[in-house]
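Fold and contact review
Chain by chain, the residues:
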Amino acid sequence: MRASYVCLFSIFMLSAAIPQEPVSPKLTPTIITSTRQVTLFTGMEKQMLQAVQKKDRVALEGMLSDDFEVAMPNADPLASEDWVDSVMAQDFILKSYVIRQMSVADLGEAAVVKFERFQQGTYKARNESGEFFVVDLWKKSGDSWKLANRYVARVGATSSSAKTQSRPSGKE
Amino acid sequence: MTFKARHTFAFLLVILAANLLLAQRPLDNPQQPDIAPSGHNPEVLQGTMERAKPTGPTVVTGNGINYHGGPVLQGNPVPIYVIWYGNWNGTGSNTQATVSLIDTFLNSLGNTGYERINTTYGDNTGNVSGNLALASQVFDTGSEGTRLKNSRISAAISAQLKSGGLPTDPNGVYLFLTSSNVSESGFCSQFCGFHTHQTLNGADIKWAFIGNSDRCPSACAIQSTGPNSPAPGVGGADGMVNVITHETEEAITDPDLNAWFDSTGNEDADKCNFRFGPTSTASNGAQFNQTFGGHNWMMQMEWENSRGGGCDQTLGGPFF
């Protein structure tokens, strides 16, 4: 009987302490006024995605620097030509996309652009939908910008699970 | 177990259950996370058509922006409260000249053709008046330090409400304006300002953050020298005016983030962000597109919720 009381009293004391622990607070949504660069690069990223949707190789290549490459977890870097070929493939269908949470570090002649992209698409009827974390390095080229490097990873992918997956397709 | 023991056991169980229930309650505001997601989740993805919701007689839809059932601020005028945070007795644009300029702006913006664009928005009880006015303002030289995050801004505003420095007014808009030595997570890299709402001092308070754009002119200023610059290259006050306009328009038409926005989550001012339309040139070489209150101003256009919808500089004016 006494043991039961002690046990129950201990639980009681423990539970009384629980409210002192930080509880995940409710998120306060905010509606932001994007910076000029976020507005600019959101537009350029959308242009690229629209070129992919329309299979407009000229428009897409016109936005890439000569040494453009894509880096993904657990894979060799993908050269510009290979990446363009992969997203221009007729059996890759980019149905829709959303870009969000973009931030831009303006370095003068270069800009580091980070964002999340949600896409719906298929490749050879295989589902290529998902959410991706993207970091793009844009470089000034005269009066315009060219995409020089892309680092992209699927959101939620872990290194252990990624190792067991097949080689990234380049659609990311 | 005896009757007494059973009784005590049951009593302890009740207290235990009550404690566990209390533990489920979230902490009170303003303890908020510092990186908040966008308040609007796009209902449909890019490239699909918007669909207007059926609404009451005072709500007009079908102009590229949709009504989602929440209230708008209908005050005539909508009271604006300002917290000047940081050092506003400094140099550059961190001066009392900026304070005076923005006071003038807030006291003359109401009922202009520009502000009346907002009258095209309403809820099921009435429309936005198109009038706003500076109600009161306070100075906080840095109660929460110079490295801010959302929770610290909430705390600073909350302190003003609790101390009576500012009234607790759920029908007003609180502008939290920071000097250029103050940082805020995401300011300059992601945004120039934002608006939100949360329960502070027991009321649903609508507040907005706007940083001095002299901290990052390439990100948040329109031009290095504005029409009201005290010296060449000091454009912070004009840059802030532009963002203040953006945030107040949105805080009035979408105060609780559940009234007016489009299928991608963009509110009325987002749809015209950094778009100015035709401009004129001031004597100091700066561009401007509005004149009122004895000053020239360079302000982004707003989305008019009529005539099919579009960005314009004045109610009923041409879309650009």
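Scroll up to find the structure.
It is worth spelling out the overall build of chain A at this point. Secondary structure assignment for chain A yields five helices and eight strands. Written out in order from the N terminus, the α and β elements of chain A read α-β-α-α-β-β-α-β-β-β-β-β-α. Taking all 172 residues of chain A together, 40% fall into the buried category. Sequence-distant contacts in chain A: of pairs separated by 6 or more residues, those separated by 24 or more amount to 58%.

Looking now at the pattern of salt bridges. Residue and element names in this part refer to chain A. According to the stated counting rule, one finds 10 salt bridges over all chains in the structure shown. Ionic pairing is found between Arg 57 and Asp 85, a salt bridge with its closest N-O pair at 2.7 Å. With Arg 57 in helix H3 (residues 57-61) and Asp 85 in helix H4 (residues 80-88), this pair connects stretches of sequence that are 28 residues apart. Accessibility expressed as a relative area gives 31% for Arg 57, which makes it partly exposed. Note that Glu 131 is salt-bridged to Arg 100, the shortest N-O span being 2.7 Å. Of this pair, Glu 131 sits in strand S7 (residues 130-141) while Arg 100 is found in strand S4 (residues 92-106), placing the two residues 31 residues apart along the sequence. Among the residues examined, Arg 100 registers a relative accessible area of 32% and is labelled partly exposed. A network of salt bridges, in which partner residues are shared, links Glu 45, Asp 136 and Arg 150.

Attention now moves to the nonpolar core. Core analysis: the largest hydrophobic core is formed by 72 residues, its most contacted members being Phe 105, Leu 106, Leu 175, Phe 176, Leu 177 and Trp 207 of chain B. Those residues in contact with Leu 175 of chain B, other than ones at most four positions away along the chain, are Ile 80, Tyr 81, Val 82, Ile 83, Leu 106, Ala 208, Ile 210, Ile 244 and Thr 248 of chain B.

What follows covers unusual backbone geometry. Between Asn 76 of chain B and the following residue, Pro 77 of chain B, the backbone shows a cis peptide bond with an omega angle of 5°. As for its placement among the helices and strands, Pro 77 of chain B is situated in the loop between strand S1 (66-67) and strand S2 (78-85). In the Ramachandran plot, Ala 125 of chain A falls in the positive-phi region, its phi being about 70° despite a non-glycine side chain. Judged by relative accessible area, which is 76%, Ala 125 of chain A ranks as exposed. For Phe 274 of chain B, which is not glycine, the phi dihedral falls at a positive 55°.

A few words on the environment of Met 72 of chain A. In this structure, Met 72 of chain A sits in the loop between strand S2 (64-71) and strand S3 (78-79). Between the C-alpha atom of Met 72 of chain A and that of Ser 96 of chain A, which follows or precedes it by 24 residues, the distance is 22 Å.

A separate point is the side chain of Asn 118 of chain B. Residues and elements named next belong to chain B. Here Asn 118 shows up in the loop between helix H2 (96-108) and strand S3 (122-123). What makes Asn 118 buried here is its relative accessible area of 1%. Among the polar contacts made by the side chain of Asn 118, one reaches the side chain of Glu 249 at a distance of 2.9 Å. If we skip the residues at most four places from it in the chain, Asn 118 touches Val 128, Glu 249, Ile 252, Thr 253 and Asp 268.

As a further point, take the pairing of S2 of chain A. All names here are of chain A. Looking at chain direction, S2 and strand S8 (residues 144-154) are connected through four bridges and run parallel. What sits directly across from Val 70, in S8, is Arg 150. The hairpin formed by S2 and S3 contains six residues between the paired strands, and Asn 74 there has a positive phi angle of roughly 55°.

Moving on to the environment of Ala 135 of chain B. Residue and element names in this part refer to chain B. Examined against the element boundaries, Ala 135 turns out to sit in strand S5 (residues 132-140). Sequence-wise, Ala 135 and Ser 163 are 28 residues apart; in three dimensions their C-alpha atoms are separated by 17 Å. Ignoring any residue separated from it by four or fewer positions in sequence, one finds Ala 135 in contact with Pro 79, Ile 80 and Tyr 81.

Thresholds, definitions, all that
Residues numbered from 1 in each chain as written. Chains lettered and ligands numbered in written order. Predicted model: local features only at pLDDT ≥ 70, side-chain atom pairs only at ≥ 80, totals over all residues. Heavy atoms only, no water. Helix = DSSP H or I, 4+ residues; strand = E, 2+ residues; numbered from the N terminus. Buried < 20%, exposed > 50% of the residue type's maximum accessible area, 1.4 Å probe, protein only. Contact = heavy atoms within 4.5 Å. Salt bridge = Lys/Arg side-chain N within 4 Å of Asp/Glu carboxyl O. Core = buried A, V, L, I, M, F, W, Y, C linked by side-chain atoms within 4.5 Å. Polar contact = N/O pair within 3.5 Å; in protein donor to acceptor, adjacent residues only side chain to side chain. Pairing = 2+ DSSP bridges.

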